[in-house]
Amino acid sequence: MLPPSQRCRDQTDKEPTGPYKRENLLKFLEEKAKTEKDWEDVCPYTPGVKRGKVYDSDSGRNSEEPESGKMEMPIEIDLDEDEEELECALVTAPEKDLVDLAGILGMHNVLNQPQYYNALKGKMQDETTGTTFNGIVQSYVPRIVPDEPDNDTDVEQCINRLREDDTDLKEVNINNMKRLSKERIRTLIEAACNSKHIEKFSLANTAISDSEARGLIELIETSPSLRVINVESNFLTPELLARLLRSTLVTQSIVEFKADNQLHSRPTVLKWSALKL
């Protein structure tokens, strides 16, 4: 955001050669460009001679490309005195080994992708990748991932243990329990206000709205042990989220507050500057 005079070194000590005239400056630049020598081309220009590859409209390819059916060797191999022995070894070698050799030499145009990468990594070619140059790329069998099990939290038991202030109950998780009635959620939140040992309270994706989540304000303001609260993927308005955040300033014991992905009918924008944290 600083002006150029403050972020650059001062280089204006030299006195100006004269007043600024735009026409004279453009004329000087044009004359200087005409007098400078052009870059030397690798292949000098000759009238009537085409440079580079010439496209043949009849065959549909460049004139320098090899004919169809002939494979161009991308890497040159220097053969020593045992040329006949090497040629004999290549003739009698199984095609599976030739596939590996082609991958090592970088001839990826004659291999499929699994064959090429197996050769580079030193893995053996098998039936899944193909052991010949005519190998067909096979689709991978997708890995079966089991579905996430349903949340089997016993809500009634949690309510009773919270009301009794059970010292062993430190976490309550009812995530993804959308079929839980709103009345039971309100009862669960009211019971959590009686507990002095609960540390984590998760209500993500339970389809709660402001009417059910208002009880969390009292829970956050009165619970000295609560550290983490999760209300993601619900229907809370920005106004209620602002009140929840203000309530965290009472005890200042909350270390993690998750409230992403809220869907509400009114497109209201939450102004963080109004929180006055």
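For the structure, see preceding data.
Residues numbered from 1 in each chain as written. Predicted model: local features only at pLDDT ≥ 70, side-chain atom pairs only at ≥ 80, totals over all residues. Heavy atoms only, no water.

Caption draft 1: Main features of the overall build of the protein. Helix and strand counts for the protein come out as 10 helices and 6 strands. Taking all 277 residues of the protein together, 26% fall into the buried category. When contacts within the protein are restricted to residue pairs at least 6 apart in sequence, long-range pairs at least 24 apart make up 70% of them. (Helix = DSSP H or I, 4+ residues; strand = E, 2+ residues; numbered from the N terminus. Buried < 20%, exposed > 50% of the residue type's maximum accessible area, 1.4 Å probe, protein only. Contact = heavy atoms within 4.5 Å.)

Caption draft 2: Spotlight on helix α4 (residues 95-104). Residues of α4 that are buried include every one of Val-99, Asp-100, Ala-102 and Gly-103, and no others. Projected down its long axis, α4 carries its buried residues within an arc of 160°, all on one side. Those residues of α4 hidden inside the fold are in contact with α5 (113-121). Just downstream of α4, Gly-106 is the residue with a positive phi angle, here 85°. (Arc of directions from axis to C-beta.)

Caption draft 3: Main features of the layout of surface pockets. Considered as a void within the structure, the second largest pocket measures approximately 280 Å³ in volume. If you trace the second largest pocket, you find it lined by Glu-148, Pro-149, Asp-150, Asn-151, Asp-152, Asn-175, Asn-176, Met-177, Lys-178, Arg-179 and Leu-180. Among the residues making up the lining of the second largest pocket, the classes are represented as 3 nonpolar, 3 polar and 5 charged. (1 Å grid on protein atoms, 1.4 Å probe; cavity = no way out; pocket = protein on both sides within 12 Å on 5 of 7 lines; lining within 4 Å. Points joined across faces, edges and corners; volume = space filled by probe spheres on them. Nonpolar A, V, L, I, M, F, W, Y, C, P; charged D, E, K, R; others polar.)

Caption draft 4: The arrangement of helix α7 (residues 182-192) in detail. Among all positions in α7, only Ile-185, Thr-187, Leu-188, Ile-189, Ala-191 and Ala-192 are buried. Lining the buried residues of α7 we find α6 (155-163), β3 (171-173), β4 (200-202), α8 (210-213) and α9 (215-222).

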